[in-house]
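# Reading the structure
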Amino acid sequence: MIHKFPTINFIGNKEKIAPWICDNFPKEANTIFDAFSGGCSVSYEAKQRGYTVISNDVLKINSTISKYLIENNSEILDFDDIKMIVTGEPFEGYMTENYADKFFFKNECMELDLYRKNIGKLSSDYKKSIVFALLRRAMIRKMPYSRFNINWDKIVQLRDENYSYEKYKRKRAYHNKSFKTHFLDNVLEYNNAVFDNKKANISLNCDVFDLIKNIKADIIYLDPPYTGTMNNYFEFYGLFDEYITSEKQSPIENDFINKKTSYQLFENLFSNLQNFKYWILSYNNSSIPNKEQLLDLLNKYAKDVHVIERKHDYKITGRDNKETNKEYLFIAKNPSFESTLIKQYESAEL
Ligand SMILES: C[S@@+](CC[C@H](N)C(=O)[O-])C[C@H]1O[C@@H](n2cnc3c(N)ncnc32)[C@H](O)[C@@H]1O
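Residues numbered from 1 in each chain as written. Predicted model: local features only at pLDDT ≥ 70, side-chain atom pairs only at ≥ 80, totals over all residues.

### Observations concerning the overall build of the protein chain
Threshold: Helix and strand assignments follow DSSP, with helices taken as H or I runs no shorter than four residues and strands as E runs no shorter than two, numbered in order from the N terminus. Only C-alpha atoms enter the radius of gyration; for comparison, a globular chain is expected to reach 2.2 Å times N to the power 0.38, where N is the number of residues. Remark: C-beta atoms are placed from the backbone, and a residue is labelled buried if 20 or more other C-beta atoms sit within 10 Å of its own, exposed if 12 or fewer do, or partly exposed between those counts.
The secondary structure content of the protein chain amounts to 15 helices and seven strands. The C-alpha radius of gyration computed for the protein chain amounts to 21 Å, which stays within 12% of the reference 20 Å derived for 350 residues, consistent with globular compactness. Dimensions along the principal axes, computed over C-alpha positions, put the protein chain at roughly 65 × 45 × 40 Å. Counting only residues that meet the buried cut, the protein chain has 36% of its 350 residues in that class.

Next comes the structure, spelled out in structure tokens:
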């Protein structure tokens, strides 16, 4: 069976260029740490190529996607699971109390509350992660612009199919399909994406700065939010973390949004990558720091630094204009890796 990356719909995803990114991984590498894994397109490509993959993201929903697609090697939803999720009476729970007429209509929030309760009855965390990923997809599909920083009046206006048709010549009827319909429409595609690459892959949910010293891998792949672009992931997707936990969530601390502090965050990152032999960073030509600044910074902490680039056209969801963007891949080697390894050998009792 051919396993295909499912439709995730993630702002800033690398789905189209994930093969190019992985083609540039050094040949001798076996393990990769995807430190900002987001919608998991690079982790999934790496898993398909047989690497042992460790995926991490500070948002719970993104780490839930990697639990489903990367760490999970075999579990899928069976017919009874699917039926159980959509069975029962909608009720007024966390989503209704907090988000009725804010992001969805009241009856829709009640439907979400029912499904959230039913998820608790599933027999494993892997099955739960598949359903969370499916409901994420359903919520995104029903949300104009596919992100949760739009005000309610605008949402209602854009979900009006007649208005949408008159203004944009598209009805966008998928905004008004039920969560159940979206869930059932996508469940086979999501099940089919699960596969076993015979490796013990891991999904983590941490701020990268709390984690970096405790992970070891041949390659660290860095795809942070691009400072200066539309990159507020907590605003876009923080609602899903609330759906998972039924609690208000705090914004991301080290979020790469502030142009004044972003350079310092990169410096903190690059100065703490001793555990990885190769460092690979995605960035683009319209973000801060710029290419030269990043090269200077990398050269301070790494050796054999070089950058390759390619065109990457992406469509900003909800807008019709395409932007032409040059995508960079910085590749660097850890200068102290061999000596770190020798030190570890010398101090270990083998
Ligand atoms: C550009 S996206 C990654 C896209 C991903 N490569 C893909 O293909 O879908 C950046 C990700 O970094 C995460 N992030 C932001 N700050 C973080 C931090 N301090 N630690 C870990 N993850 C963080 C965001 O939640 C977001 O998912």
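### A look at the domain arrangement of the protein chain
Operational definition: Residue ranges for the domains trace back to a domain assignment, done automatically or taken from a database. Residue pairs qualify as contacts under a 7 Å threshold applied to their C-beta atoms, which are placed from the backbone. Under the convention adopted here, Pro, Cys and the residues Ala, Val, Leu, Ile, Met, Phe, Trp and Tyr are nonpolar, Asp, Glu, Lys and Arg are charged, and Gly plus all remaining residues are polar.
On domain assignment, one finds that the protein chain holds domain 1 (1–74 + 200–350) and domain 2 (76–193). Domain 1 and domain 2 are separated by 28 Å when their C-alpha centres are compared. In this complex, domain 1 contributes 25 residues to the contact, which on the side of domain 2 involves 24 residues. Among the residues forming the side of domain 1 that touches domain 2, the class breakdown is 14 nonpolar, eight polar and three charged.

### Quick word on the nonpolar core
Worth spelling out the cut-off: By definition, a nonpolar core groups buried Ala, Val, Leu, Ile, Met, Phe, Trp, Tyr and Cys residues that are joined through C-beta atoms within 7 Å.
Within the largest apolar cluster, 79 residues are counted, with the highest numbers of intra-cluster contacts made by Phe33, Leu135, Ile219, Ile220, Tyr221 and Trp279. The element that contributes the greatest number of residues to this core is helix 7 (residues 125–142), accounting for nine residues. Two domains each provide a minimum of three residues to this core, namely domain 1 (1–74 + 200–350) and domain 2 (76–193). Residue contacts for Ile220: discarding those within four places in its chain leaves Phe33, Ala35, Leu273, Phe276 and Trp279.

### As for the packing of helix 3 (residues 60–71) against helix 12 (residues 233–245)
Our working rule: Only the contacting stretch of a helix is used when fitting its axis, a line to C-alpha atoms as for every element, and angles between N-to-C directions run 0 to 180 degrees. Working rule for angles: under 35 degrees goes down as roughly parallel, over 145 as roughly antiparallel, 65 to 115 as roughly perpendicular, anything else as oblique.
Running from N to C, helix 3 and helix 12 cross one another at 75°; their axes reach a closest spacing of 7 Å. Considering their axes alone, helix 3 and helix 12 lie roughly perpendicular with respect to each other. Side by side, helix 3 and helix 12 meet where Lys60, Ile61 and Thr64 of the first sit next to Tyr237, Phe240, Asp241, Ile244 and Thr245 of the second.

### Remarks on the packing of helix 13 (residues 259–270) against helix 14 (residues 291–301)
Defined as follows: By convention, the crossing between two helices is left-handed when the near helix turns anticlockwise from the far helix through less than a right angle, and right-handed when the turn is clockwise.
Interaxial distance between helix 13 and helix 14 falls to 10 Å at its minimum, and their mutual angle equals 30°. With respect to helix 14, the element helix 13 is oriented roughly parallel. For the crossing formed where helix 13 meets helix 14, the hand is right-handed. Across from Tyr263, Phe266, Glu267 and Phe270 in helix 13, the residues of helix 14 making contact are Gln293, Leu294, Leu297, Leu298 and Tyr301. For the contact of helix 13 with helix 14, the per-class residue count stands at seven nonpolar, one polar and one charged.

### A closer look at the site of the ligand
Rule in force here: Each residue gets a C-beta atom placed from its backbone. Should that atom fall within 6 Å of a molecule or strand, the residue is termed near it.
Contacts to the ligand come from 24 residues, most closely from Gly12, Asn13, Phe36, Gly38 and Gly39. Its residues placed into classes, the shell around the ligand shows 11 nonpolar, eight polar and five charged.

### A few points about helix 9 (residues 161–168)
With zero of eight residues buried, helix 9 lies mostly on the surface of the structure. Downstream of helix 9 by one or two residues, Lys169 has phi in the positive range, about 60°.

### As for helix 3
Counting buried positions along helix 3 yields 12 of 12 residues, so the element is predominantly enclosed. Residues of helix 3 that are buried include every one of Lys60, Ile61, Asn62, Ser63, Thr64, Ile65, Ser66, Lys67, Tyr68, Leu69, Ile70 and Glu71, and no others. Its buried side turned inward, helix 3 meets helix 2 (41–48), strand 2 (52–56), helix 7, strand 3 (202–204) and helix 12.

### Brief notes about the pairing of strand 4 (residues 217–222)
Put simply, the rule is: Any two strands are treated as partners once DSSP identifies two or more bridges connecting them.
Among the six residues of strand 4, five are classified as buried, and the element is accordingly described as predominantly covered. As paired elements, strand 1 (residues 31–34) and strand 4 share three bridges and run parallel to each other. Considered in strand 4, the bridge of Phe33 is made with Ile220. In the sheet, strand 4 pairs with strand 5 (residues 276–284) via five bridges, with the strands oriented parallel. Bridge pairing links Ala217 to Phe276 in strand 5.

### Regarding the environment of Asp153
Its location among the elements puts Asp153 in helix 8 (residues 152–159). It is 45 Å that separates the C-alpha atoms of Asp153 and Leu297, two residues lying 144 residues apart in sequence.

### Here we look at unusual backbone geometry
Residue Ile288 is joined to Pro289 through a cis peptide bond whose omega torsion reads 0°. Note on placement: Pro289 falls in the loop between strand 5 and helix 14. Notably, Arg172 is not glycine yet its phi reads approximately 50°, a positive angle.

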